[in-house]
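Structural features, examined
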Amino acid sequence: MRILVAMSGGVDSSVVAGLLKAEGHEVIGATLQLYDHGAATARRGACCAGQDIHDARRVADTLDIPHYVLDREARFRDAVVQDFADSYARGETPIPCVRCNQSVKFQDLVLLARDLGVEALATGHYARRVEGPAGVELHRAADPARDQSYFLFATTAAQLAFCRFPLGGYPDKAAVRAEALRLGLAVAEKPDSQDICFVPEGRYSDVVAKFRPDAAEAGEIVHLDGRVLGQHAGIARFTVGQGRGLGQASRDGDQPLYVAAVEPGRRRVVVGPRAALPQAQIEVAEVNWLSPPPSGPLACQVKLRAREVPQPATAHWDVAGGLLRVAPAVPAIAAPGQACVLYDGDRVLGGGFIRRTA
Ligand SMILES: Nc1ncnc2c1ncn2[C@@H]1O[C@H](COP(=O)(O)OP(=O)(O)OP(=O)(O)O)[C@@H](O)[C@H]1O
């Protein structure tokens, strides 16, 4: 098979290219240049800085495969970084990896793949693509610690059919690194990439302040009952459900307080006791189904943030409104902007972005 491999310069996608080549496929590598390296080169493990492009090229040379570098900086800045800042300015907590998968990685790479006349696009994502009786399904990776299915919910059925995730069945990262050594790849010991590739040193509020200074303006922290408890240095620093970083607004007497809402219009952060936060129903928009959309109540498990185990819930799909209403079996706090992904066991049924909670 002629196959395009999305090569970030990291261990995972390098191993994918090596494995596919060893299996006898005709492999072509492609690396997307996604952001200005100036700020990022100091950061080890960033996925798409200059060093990473160099590493990807070196791996391609070792494997003796053709390698393309595509400049997608402008598109990444508009579709991912600007969207990230805009989302914070709306009082949400964005999930940029999903936007990147949606708008840059899969769209642009699938287009390139089609131009090159290849039959599939392979990535180093930890997820499993399963050929089911009614079409291709997305499943959780074998290694729960690495599973990235949550970030892939927005992949369309057509993209999924075209994609391959050869690492989805690996038991753990150590096995992938061992494979890299066996294949003689220079990146075998390279550190894992960190949370958000375009944010140097985890200072995401600096990025937001640059793109949306309004989200970094000071404002009040108020209690649900209207009392002003303190000041904050920008709404972008707050997420619904957050209990840390509230300064003197972190307690009311001996009762711990949590962020109940972020109000961009009034630049206010509203806090209250945990039990007072809305947790009964979650409204989800921009829904993508990777299974037949349900016509009645759907008993499933949902994941409301990247690092959590799916929890039982019932979902109702409002076809006309294009909205999903999710009622967790055990009340749960959900942050607008994050993804709500529906599972049936290991299988991803679909998902969308959390809009509001009630
Ligand atoms: N700049 C890029 N160019 C091409 N493909 C990329 C790029 N960044 C990521 N990818 C693809 O998306 C996959 C998942 O990206 P993620 O940022 O989660 O990388 P990762 O888990 O650190 O993997 P890796 O070790 O390959 O960097 C990568 O394995 C790779 O196939």
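Conventions and cut-offs
- Residues numbered from 1 in each chain as written.
- Predicted model: local features only at pLDDT ≥ 70, side-chain atom pairs only at ≥ 80, totals over all residues.
- UniProt positions renumbered as here; feature names shortened; annotations may be inferred.
- Helix = DSSP H or I, 4+ residues; strand = E, 2+ residues; numbered from the N terminus.
- Rg over C-alpha atoms; globule rule 2.2 N^0.38 Å.
- Buried ≥ 20, exposed ≤ 12 C-beta atoms within 10 Å, placed from the backbone.
- Contact = placed C-beta atoms within 7 Å.
- Near = placed C-beta within 6 Å.

The name recorded for the protein chain in an unreviewed UniProt entry is tRNA-specific 2-thiouridylase MnmA, from Paeniroseomonas aquatica. We quote the UniProt Catalytic activity (unreviewed entry) comment for the protein chain here in full: "S-sulfanyl-L-cysteinyl-[protein] + uridine(34) in tRNA + AH2 + ATP = 2-thiouridine(34) in tRNA + L-cysteinyl-[protein] + A + AMP + diphosphate + H(+)". For the protein chain, the Subcellular location (unreviewed entry) comment in UniProt is given as "Cytoplasm".

**So, the overall build of the protein chain**
If you tally the helices and strands in the protein chain, you get eight helices and 18 strands. At 21 Å, the protein chain has a C-alpha radius of gyration in line with the 21 Å of a compact globule built from 358 residues. Each of the three principal axes of the protein chain carries a C-alpha extent, and together these read 65 × 50 × 35 Å. The buried share of the protein chain, taken over its 358 residues, is 48%. In the protein chain, of all internal contacts separated by at least 6 residues, the share reaching a separation of at least 24 is 63%.

**Some thoughts on the site of the ligand**
In the neighbourhood of the ligand, 18 residues make up the surrounding shell, with A6, G10, D12, S13 and G124 lying closest. Where the shell around the ligand is concerned, the elements lending two or more residues are helix 1 (11-22) and strand 2 (26-33). Top element by residues in the shell around the ligand is helix 1. It accounts for three residues.

**Some details on the UniProt feature "binding site: ATP" (unreviewed entry) in the protein chain**
According to UniProt, the "binding site: ATP" (unreviewed entry) feature falls on A6, M7, S8, G9, G10, V11, D12, S13, L32 and G124. Residue position: S8 is located in the loop between strand 1 (2-6) and helix 1. Structurally, G10 can be placed in the loop between strand 1 and helix 1.

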